[in-house]
Amino acid sequence: MKYFYRLLGRMLLGGLSVGFGAAMLAAALHLAPGGWLTAAAVFVAEPAGAAEILRESVFPAAGKAASLPSIAEASAAAPSPAPSALPASESPASSAEAGSSESGSSPEPSPEPSPTPVPERPDDAGDIASQTYRQGSGNGYITLEAGSIKNSTSNDDSVLAEATAAGLPFSIELNSEEPQVLILHTHATECYQPWDDLWYDPDFAARSLDTSVNMCAVGAAMTDVLNQAGINTLHDETLHDSPSYTESYGRSAQTARDYLERYPSIKVILDVHRDAIEQDGTRIKPLTQIDGEDTAQVMIIAGCNNGSTVVLPDWEKNLGFAAAWETEMETLYPGLTRPVLCGYRFYNQDVTTGSLLIEIGGHANTLEEAIRAGEYAARALASLFGAA
């Protein structure tokens, strides 16, 4: 009789394996263009995330997109809850609503990431080098009271200098019941070096769907600092670059506009990213020390109108904001920043005159170094707005 049960068990396991294989094949056939590439890349760093991409492609959850966070949720000191799954649709309208649960319950903090044990270094490992970037001066740079701006446009330096002298083009209401700042992530799945050793695994794509380790973790830390300083700040954790990386800026632009429609009080929209710096196969981590602790360096990017492919009619106002924030960061925390980059970049900076992109470290920094940098950057922003 035991042989009969053993045979029956093998038949059941075989049926389940065939069914699972068929489901995975169906998922691959239904993925959006380029989606299977994302799943493959994510699988290396996070197998569960790749499975989630496949599952969502075949079994989209009806009504999964949630409402935008309420003012009460935005004011809470705890970060926004991590989404339980990927957006149900790639359409900008639905992904923009993935900020809070439909039940309206209070958000709970994302779980603290567990430290990744350092594995044995493989033979094909690449090297990591730390570098502290200094401020620029002379032709092609605008020297600020503290910090600097790199002029990557065809404009004369004097044109940019005039814009930086204008100061903030908006005012922030402290302790307001209405949101003043929105933090989001066009490339939310960007993440950091998992261990604090000066080598990296070339198979690690530096991407993750886990909001406790990707850019959402940095955004949550910045949001906490601003809210605690009395600056009503919203944090959107939509994974705009997953499952499809293409058109992620279009999706994040729609998210920003949806928030502005509901909360016209928003003056500042920060798109928080991390950089990826490599030189001859070596990954570079922009690093400084603040209060004796290793801290990632940050870089603001402010776009400039070129009259054709990059249409930013109010770019000077965004640059004025960038210059003021740069000056405050370097005044309070010397060495925190790399020079502001002003170039012909769009980055949805037409949405408000307080729209900027900020790179928090790079893919060779650790998450801890990046979170420290994000907190310092947010403290300087709070100080700029008169909250400290």
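Residue indices follow the written sequence of each chain, beginning from 1 at its first position. Per-residue local features of the predicted model are confined to residues with pLDDT of at least 70, and side-chain atom pairs are confined, for both listing and counting, to 80 or more; whole-chain, interface and lining totals are unaffected and use all residues. The side-chain quantities take in all heavy atoms of the structure and omit both hydrogens and water.

**What to know about helix α6 (residues 157-164)**
In step 1: Only protein chains enter the accessibility calculation, which uses a 1.4 Å probe; a residue is then buried when its area is under 20% of its type maximum, exposed when over 50%, and partly exposed in between. The numbering of helices and of strands both runs from the N terminus, where a helix is a DSSP run of H or I of at least 4 residues and a strand a run of E of at least 2. Here α6 has its buried residues at Asp157, Leu160, Ala163 and Thr164. Seen along its axis, α6 keeps its buried residues to an arc of 125°; they face one direction.
In step 2: The secondary structure elements touched by the buried residues of α6 are β2 (141-143), β3 (148-151), α9 (315-332) and β12 (340-343). Each direction from the helix axis to a C-beta atom contributes to the arc, which is the arc of those directions. The contact criterion used throughout is that any non-hydrogen atoms of two residues lie within 4.5 Å.

**Some remarks on the packing of α6 against α9**
In step 1: To get an axis, a line is fitted to the C-alpha atoms, and for a helix only the part in contact is used. The angle between two axes follows their N-to-C directions and goes from 0 to 180 degrees. Two numbers describe how α6 lies on α9: the axes approach to 7 Å, and their chain directions differ by 70°. Regarding the angle of α6 to α9, the classification is roughly perpendicular. For the element pair α6 and α9, the recorded crossing hand is right-handed. Contact residues: Val159, Leu160, Ala163 and Thr164 in α6; Trp315, Glu316, Leu319, Gly320 and Ala323 in α9.
In step 2: Considered class by class, the residues forming the contact of α6 with α9 number six nonpolar, two polar and one charged. Every angle not falling under 35 degrees, over 145, or within 65 to 115 is termed oblique; those three ranges are roughly parallel, roughly antiparallel and roughly perpendicular. In this scheme the handedness of a crossing depends on how the near helix is turned from the far one: anticlockwise by less than a right angle means left-handed, clockwise means right-handed. Residues are sorted three ways: Asp, Glu, Lys and Arg are charged, Ala, Val, Leu, Ile, Met, Phe, Trp, Tyr, Cys and Pro are nonpolar, and all the rest, Gly among them, are polar.

**As for the environment of glutamate 330**
In step 1: Note on placement: glutamate 330 falls in helix α9.
In step 2: Sequence-wise, glutamate 330 and glutamate 145 are 185 residues apart; in three dimensions their C-alpha atoms are separated by 9.0 Å.
In step 3: Setting aside chain neighbours within four positions, we find glutamate 330 in contact with Gln135, Ala146, Gly147, Gly335, Leu336 and Thr337.
In step 4: As used in this structure description, the phrase polar contact means that two N or O atoms lie within 3.5 Å; if the pair is within protein, one of them must be able to donate a hydrogen and the other to accept it, and residues adjacent in sequence are counted only when both atoms belong to side chains. Among the polar contacts listed, one links the side chain of glutamate 330 to the backbone nitrogen of threonine 337, at a separation of 2.8 Å.

**Looking at the packing of aromatic side chains**
In step 1: Centres within 6.5 Å are what make two rings of Phe, Tyr or Trp a pair, Trp counting through its six-membered ring; a difference in plane orientation under 30 degrees is then read as stacked, over 60 as edge-to-face, and the rest as tilted. Taken as a whole, this structure holds seven aromatic pairs when the rule is applied.
In step 2: Where tyrosine 333 meets tyrosine 376, the ring centres are 4.7 Å apart and the plane angle is 50°; that geometry is what we call tilted. With tyrosine 333 in the loop between α9 and β12 and tyrosine 376 in helix α10 (residues 367-384), this pair connects stretches of sequence that are 43 residues apart.
In step 3: A residue is classified by how much of its surface remains accessible, and tyrosine 376, at 7% relative accessible area, is buried.
In step 4: Pairwise contacts between aromatic rings join Phe170, Phe321, Trp325 and Phe385 into one cluster.
In step 5: The positively charged end of arginine 283 is found above the aromatic ring belonging to tyrosine 200, 4.0 Å away from the centroid.
In step 6: In our convention, an over-ring charge means Lys NZ or Arg CZ found within 6 Å of a ring centre and within 35 degrees of that ring's normal. Taking NZ or CZ as reference, arginine 338 lies 4.9 Å from the ring centre of tyrosine 133, over its face.

**Brief notes about the packing of helix α7 (residues 215-228) against α10**
In step 1: Following both chains from N to C, one finds α7 and α10 inclined at 30°, their axes separated by 8 Å at the closest point. Considered as vectors, α7 and α10 are oriented roughly parallel to each other. Of the two elements, α7 crosses α10, and the hand of that crossing is right-handed. Taking contact as the criterion, the partners of Ala217, Val218, Ala221, Met222, Val225 and Leu226 in α7 are, on α10, Leu367, Ala370, Ile371, Gly374, Glu375, Ala378, Arg379, Leu381 and Ala382.
In step 2: Taken together, the residues of the contact of α7 with α10 break down into 12 nonpolar, one polar and two charged.

**Concerning the confidence of the model for the protein chain**
Where the model shows low pLDDT, its predicted coordinates should not be examined in detail.
In step 1: For the protein chain, per-residue confidence averages 79 on the pLDDT scale, and residues scoring 70 or more make up 70% of the total.
In step 2: What pLDDT expresses is the predictor's confidence in each residue, scored from 0 to 100. Below pLDDT 50 for its whole length, residues 1-111 participates in 155 contacts with residues either more than four positions away or in separate chains.

**Describing the pattern of salt bridges**
In step 1: In the sections that follow, a salt bridge refers to a side-chain nitrogen of Lys or Arg positioned within 4 Å of a carboxyl oxygen of Asp or Glu. Counted according to the given criterion, the structure contains eight salt bridges.
In step 2: Note that arginine 207 and aspartate 241 form a salt bridge whose closest N and O atoms lie 3.2 Å from each other. On the criterion of sequence distance, the pair formed by arginine 207 in the loop between β5 (199-200) and α7 and aspartate 241 in the loop between β6 (233-235) and α8 (248-262) is long-range, its members being 34 residues apart.
In step 3: We classify aspartate 241 as buried; its relative accessible area is 2%.
In step 4: The network of salt bridges with shared partners includes Asp196, Lys285 and Glu369.

**Concerning a negative patch on the surface**
In step 1: Patch membership requires more than 30% relative accessible area and the absence of a salt bridge. Residues of like charge join within 9 Å; the nonpolar side chains Val, Leu, Ile, Met, Phe, Trp and Tyr join within 5 Å. Surface accessibility follows the Shrake-Rupley procedure with a 1.4 Å probe radius. Residue values consider only the protein chains on display as shielding. By the counting scheme adopted, Arg and Lys are positive, Glu and Asp are negative, and His together with the chain ends is not counted. Where a charge lies is defined by one atom per residue type: Lys uses NZ, Arg uses CZ, Asp uses CG and Glu uses CD. On the surface, a cluster of negative charge is contributed by Glu120, Asp123, Asp124 and Asp203.
In step 2: By secondary structure assignment, the location of aspartate 123 is in the loop between α5 (92-95) and β1 (126-131).

**Concerning α7**
In step 1: A helix is expected to span 1.5 Å multiplied by its residue count minus one. When the terminal C-alpha atoms of α7 are compared, their 20 Å separation across 14 residues agrees well with the 20 Å that a helix rising 1.5 Å per residue should span.
In step 2: Among the 14 residues in α7, 13 count as buried, and that is most of the element.
In step 3: Its side-chain oxygen placed 3.0 Å from the backbone nitrogen of cysteine 216, asparagine 214 serves as the N-cap of α7.
In step 4: Directly after α7, the chain includes glycine 230, whose backbone phi takes a positive value near 90°.

**Some details on the sheet that holds β6**
In step 1: By this definition, two strands are paired if DSSP reports at least two bridges between them. Read from one edge to the other, the open sheet built from eight strands follows the order β2-β3-β12-β11-β13-β7-β4-β6, with strand pairing classed as mixed. Each of the sheet's edge strands pairs with one partner strand only, and the pair in question is β2 and β6. Direction aside, the axes of adjacent strands within the sheet are offset by 25° on average.
In step 2: Where β2 lies against β3, three bridges are found, and the strand directions are antiparallel.

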